[in-house]
Amino acid sequence: MKKQIKNLAIILAFISTLGCLVGCVKQDREKSRQEKIVASSSIKEDKKAIKQKQLAHLKEHEQEIVDFVKAQNTKVESVQINWDETEWGVAGNGTPQGGDEMILIFGGFNQNPESSWRVDVVVEDGKINLKTMSLGQYLRMGGRIFE
């Protein structure tokens, strides 16, 4: 009988230790999950802040963008930039490493709602390089290339 009680006590001690371990692991997982959520939301906030700074920088250099678009065609008299349509992305270059981080700027010209263009600017190490400005989409009028 003493042997059975001793074995029962050992089994109970083993089960309680095992239960404690499972509980501790579960708490660690939950804590880790919460930390990931907090880190993820702060990363999103950081990215949003970076985009706002980059957009402000582009707006400071609006005239350079306007001049670039005007230089594409002598018939362009005025340039409108649609800042609300600005996009951030990565340009594919066909390699596994991918391409450059880009900012895509959209707009129109000559006060015509059917006009459109897109200018692409490369972002290097989080900084906008206006020297890389290129026409990402030809000047268009009503969906057709403007000549």
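This section reports on the structure supplied with the text. (Residues numbered from 1 in each chain as written. Predicted model: local features only at pLDDT ≥ 70, side-chain atom pairs only at ≥ 80, totals over all residues. Heavy atoms only, no water.)

**Here's the deal with the overall build of the protein chain**
Threshold: By the criteria applied, helices consist of DSSP H or I runs no shorter than four residues and strands consist of E runs no shorter than two, each listed in order from the N terminus. Throughout this description, buried means an accessible area under 20% of the type-specific maximum (1.4 Å probe, protein chains only), exposed means over 50%, and partly exposed covers the range between. Any two residues whose heavy atoms approach within 4.5 Å are treated as being in contact. Method for areas: the Shrake-Rupley scheme with a 1.4 Å probe, in which residue coverage is limited to the protein chains shown.
Secondary structure assignment for the protein chain yields two helices and six strands. Of all 147 residues assigned to the protein chain, the portion counted as buried reaches 23%. A separation of at least 24 residues holds for 44% of the contacts in the protein chain among residues at least 6 apart in sequence. Entry remark: accessible area of the protein chain is about 11,000 Å², with carbon and sulfur atoms responsible for 54%.

**Some points on the pattern of salt bridges**
Note the cut-off: Only one rule defines a salt bridge in this text: a Lys or Arg side-chain nitrogen within 4 Å of an Asp or Glu carboxyl oxygen.
Summed over all chains, the structure comprises one salt bridge. Linking R118 and D120 is a salt bridge whose minimum nitrogen-to-oxygen distance equals 2.7 Å.

**What to know about the nonpolar core**
Where we set the bar: Among the buried residues, those of types Ala, Val, Leu, Ile, Met, Phe, Trp, Tyr and Cys that are joined through side-chain atoms within 4.5 Å form a nonpolar core.
Grouped together as the largest cluster of nonpolar side chains are 21 residues, with contacts concentrated most on L58, I65, I105 and W117. Among the secondary structure elements, those contributing two or more residues to this core are α1 (2-60), α2 (62-70), β1 (79-81), β3 (101-109), β4 (115-124) and β5 (127-141). Ignoring sequence-local partners within four residues, the contact set of I65 consists of L58, I81, W83, I105, W117 and M133.

**Description of the pairing of β4**
This is how it is decided: Two strands make a pair as long as DSSP finds a minimum of two bridges between them.
Most of β4 sits inside the fold, with seven of its 10 residues counted as buried. In terms of strand pairing, β3 meets β4 through seven bridges, oriented antiparallel. From the neighbouring strand, G107 faces β4, where its bridge partner is W117. Counted along the chain from β3 to the antiparallel partner β4, the turn is five residues long, and its residue N110 has a positive phi close to 55 degrees. When β4 meets β5, the two strands line up antiparallel, connected through eight bridges. Bridging from a neighbouring strand, V122 pairs with N129 of β5. As consecutive antiparallel partners, β4 and β5 are separated by two residues, and within that stretch D125 has a phi angle of approximately 55 degrees, a positive value.

**Section: the packing of aromatic side chains**
As a reminder, the rule being used: Pairing of aromatic rings covers Phe, Tyr and Trp, the last through its six-membered ring, and needs centres within 6.5 Å; plane angles under 30 degrees mean stacked, over 60 mean edge-to-face, and all others mean tilted.
This structure, assessed with the given rule, holds one aromatic pair. Geometrically, the ring pair formed by F109 and F146 is tilted, given 4.8 Å between the ring centres and 55 degrees between the ring planes. One end of the pair, F109, is in strand β3; the other, F146, is in the segment after β6 (144-145), and 37 residues separate them in sequence. Both residues of the pair, F109 and F146, count as buried.

**A few points about the side chain of T86**
For T86, the position within the fold is in the loop between β1 and β2 (87-90). Given the relative accessible area of 10%, T86 is considered buried. Those residues in contact with T86, other than ones at most four positions away along the chain, are L55, I103 and L104.

**Some points on the environment of Q72**
Mapped onto the secondary structure, Q72 falls in the loop between α2 and β1. Residue Q72 is classed as partly exposed on the basis of its relative accessible area of 34%. Sequence spacing of Q72 and E147 is 75 residues, and the spatial spacing of their C-alpha atoms is 9.8 Å. If we skip the residues at most four places from it in the chain, Q72 touches L135 and L139.

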